[in-house]
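So you can see what is in the structure, the chains are spelled out below.
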Amino acid sequence: QVQLLESGGGSVQAGGSLRLSCAASGGTFSRYAMGWFRQAPGKEREFVAAISWSGFGTTYADSVKGRFTISRDNAKNTVYLQLNSLKPEDTAVYYCAGSIGRPNRDENEYGYWGQGAQVTVSS
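Residues numbered from 1 in each chain as written. Predicted model: local features only at pLDDT ≥ 70, side-chain atom pairs only at ≥ 80, totals over all residues. Heavy atoms only, no water.

Enquirer: Where do I start with the pattern of salt bridges in this structure?
Expert: Should the charged atoms of two oppositely charged side chains come close, the side chains can pair. On inspection of all chains with the given rule, the structure shows five salt bridges. Measuring nitrogen to oxygen at the nearest pair gives 3.2 Å for the salt bridge that ties E107 to R45. Remark: R45 occurs in the loop between strand 4 (33-39) and strand 5 (46-51) and E107 occurs in the loop between strand 9 (92-99) and strand 10 (112-113); sequence separation between them is 62 residues. Judged by its relative accessible area of 25%, E107 falls in the partly exposed class. Look at R45 and you get partly exposed, because its relative accessible area is 27%. In this structure, the salt-bridge partner of K65 is D62, at a minimum N-O distance of 3.3 Å. (Salt bridge = Lys/Arg side-chain N within 4 Å of Asp/Glu carboxyl O. Helix = DSSP H or I, 4+ residues; strand = E, 2+ residues; numbered from the N terminus. Buried < 20%, exposed > 50% of the residue type's maximum accessible area, 1.4 Å probe, protein only.)

See the structure below:
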C-alpha cells in the first residue's frame, strides 16, 4: 500500500515560483507512474502533469506547459513539481497520485493519492 505525502505548498505573488514534493512510502516507488492534479475552489479536479516510472516520459496540461516541470528521484522515493511563472489562476490544492500503468491524464487511472498541498498565487 503506497502512501503519498505532499509538501512545499504556500503563498506567492504572480510571477513567482514554488516547488512541490511528494514523498512515497510503503511500496516500490519506481514501479509507479506519478501524476500531479489540482483542484481550484468550486471547480473539478484537473490534470497537471505526469511522469513515467523511469522519468523519461512526461506529459503536461496545455495550461502549464512551459511553466511547470515534473521530475522524480527514485532513490529518494520522491516526485517533484516545479512551478514557475505562477499566475493567480494556478491557485488550487495540488495532489500527487500514483498509477501502476503508464503516465495518464485520467485521474481514474490513479489508485494512490496524497492529501494535497495548497498553492495560492496573488496578483
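Here the narrative resumes, following the displayed structure.
Enquirer: Teacher, can you tell me more about unusual backbone geometry here?
Expert: Trans is the common state for peptide bonds, and a negative phi is the common state for residues other than glycine. The phi angle at N77 is positive, at roughly 55°, despite the residue not being glycine. Examined against the element boundaries, N77 turns out to sit in the loop between strand 7 (68-73) and strand 8 (78-83). The phi dihedral of S85 falls on the positive side, at around 50°, and the residue is not glycine. With respect to the element layout, S85 can be found in the loop between strand 8 and strand 9.

Enquirer: Can you help me understand the nonpolar core in this one?
Expert: W36, L81 and Y94 are the most contacted members of the largest nonpolar core, which totals 35 residues. Those elements that provide at least two residues to this core are strand 3 (18-25), strand 4, strand 5, strand 7, strand 8, strand 9 and strand 11 (117-122). Ranked by the residues each element gives to this core, the list is headed by strand 5, at five residues. The residues touching Y94, leaving out its near neighbours within four places in the chain, are E6, L20, W36, F37, R38, V48, F68, L81, L83, G116, A117 and V119. (Core = buried A, V, L, I, M, F, W, Y, C linked by side-chain atoms within 4.5 Å. Contact = heavy atoms within 4.5 Å.)

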